[in-house]
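An overview of the molecular structure
So you can see what is in the structure, the chains are spelled out below.
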Amino acid sequence: MSESRRPSDVSGRLNTAVAHNARVWNYWIGGKDHYEIDQQVGDRVVTMFPVIRDVARADRQFLGRTVRFLTAERGVRQFLDIGTGLPTSDNTHELAQRIAPESRIVYVDNDPIVLVHARSLLTGTPEGATDYIDADIHHPDGVMEGAAATLDLDRPVAVMMLGILNFVLDTGEARDIVRRIMAAVPSGSYLALTHPTTDSDLGGEGNVEAMKFWNENATPPITARSRAEVSSFFDGLDLVTPGLVPCAQWRAESNSGPVLPQFGAVASKP
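First, a word on what this report is: a plain description of the structure on this page.

Calculation rules
Residues numbered from 1 in each chain as written. Predicted model: local features only at pLDDT ≥ 70, side-chain atom pairs only at ≥ 80, totals over all residues. Heavy atoms only, no water. Phe/Tyr/Trp six-rings, centres within 6.5 Å; stacked < 30°, edge-to-face > 60°. Helix = DSSP H or I, 4+ residues; strand = E, 2+ residues; numbered from the N terminus. Buried < 20%, exposed > 50% of the residue type's maximum accessible area, 1.4 Å probe, protein only. Lys NZ or Arg CZ within 6 Å of the ring centre and 35° of its normal. Axes fitted to C-alpha atoms, helices over the stretch in contact; angles between N-to-C directions. Parallel < 35°, antiparallel > 145°, perpendicular 65-115°, else oblique. Left-handed = near helix turned anticlockwise from the far one by under 90°. Contact = heavy atoms within 4.5 Å. Pairing = 2+ DSSP bridges. Right-handed = clockwise from strand over helix to strand, strands pointing away. Polar contact = N/O pair within 3.5 Å; in protein donor to acceptor, adjacent residues only side chain to side chain.

**Re the packing of aromatic side chains**
Following the criterion strictly, the structure yields three aromatic pairs and no others. Centroid distance W25 to W28: 6.0 Å. Interplanar angle 65 degrees. Geometry classified as edge-to-face. Residue W25 and its partner W28 are located together in helix α2 (residues 21–28), separated by three residues, close to a single helical turn. Since its relative accessible area comes to 23%, W25 is described here as partly exposed. When the centroid spacing of 5.6 Å and the interplanar angle of 80 degrees are considered together, the rings of F69 and W250 count as edge-to-face. Highlighted residues: F69 in helix α4 (residues 52–72) and W250 in the loop between β9 (245–246) and β10 (262–268), separated in sequence by 181 residues. Take W250: its relative accessible area is 0%, and that puts it in the buried class. Above the face of the W250 ring, R251 is positioned so that its terminal group lies 5.6 Å from the ring centre.

Here's what the structure looks like:
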């Protein structure tokens, strides 16, 4: 990890008095890197929207299936994981390098507590490479500039945007971010994405009040989107079967995972 990425200024950025998404998410999936305020807000959200723990776990399982699929079946050897979150078990580099030790992975996040734990993301194989850059998805050109230090952007890259675009509140801006990042990677690259929804056929109406509570009591603010809005992030890309579905159902072993209000999809760049 380069000197500019060391967590020297983390203490000034870390606010433990307000619940933060990375820490609450960690709490929901059974991790230990959270504070009392995160547990309090997380528990309140659960009372309002009980499936949120299932959503958190399903999103993490989607990551595993996606990385294994792209590495083993599509031959991807480079991953750009934007919105990394707190390290747990089976992180992207561990999954990819278990199959292909030469895989190269760049993690991106701008959460100070993730930066504190970034060194545990840099324990990859000697044949491959892992790196972490402290960057903001709202500035995609900076993300790609940082990624280019480790990844060969003339070769296919799997761009992972799991549960991150929901923190870009303007849908037009979110679409532009995806467009600019995918424009920076070559043909044969992939976009993997998950995103919460309020669509009633997936039980998403419960997201409305839960997100309102979240936005009044935690950070950063969040939004959910409709199927059509999430689909628009894949404009110009070719969706991989089964397309845009609840993330728990995407290439699940039984093909009948639970219906949860969290979309998941993978698409290739022609």
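That was the structure; now back to the text.
**Quick word on the packing of helix α7 (residues 140–147) against helix α8 (residues 171–183)**
At a minimum axis distance of 9 Å, the contact between α7 and α8 shows a crossing angle of 30 degrees. Between α7 and α8, the angle is such that the two are roughly parallel. In terms of crossing hand, the pair formed by α7 and α8 is right-handed. Counting all contacts with α7, which are made through P140, D141 and M144, the residues of α8 involved are I177, R180 and I181.

**Regarding the pairing of strand β5 (residues 158–162)**
Sheet faces and side chains relate simply in a regular strand, where the side chains alternate between the two faces. Within β5, five of the five residues are buried, leaving the element largely enclosed by the surrounding structure. Judged by which residues are buried, β5 turns out to be covered on both faces: A158, M160 and L162 on one side and V159 and M161 on the other are all buried. As judged from the three bridges shared by strand β2 (residues 78–82) and β5, these two strands associate in the parallel manner. Its bridge partner lying in β5, L80 is registered against V159. You can see the chain leave β5, run along α8 and come back into strand β6 (residues 190–196), and the turn it takes is right-handed.

**With respect to the side chain of S232**
Its location among the elements puts S232 in the loop between α10 (227–231) and β8 (238–239). In terms of polar contacts, S232 uses its side chain to reach the side chain of R175, at 3.3 Å. Among the polar contacts listed, one links the side chain of S232 to the backbone oxygen of E229, at a separation of 2.5 Å.

**Section: the environment of L115**
Its location among the elements puts L115 in helix α6 (residues 112–116). With a relative accessible area of 2%, L115 lands in the buried category. Note: C-alpha distance between L115 and Y35 (80 residues apart in sequence) is 16 Å.

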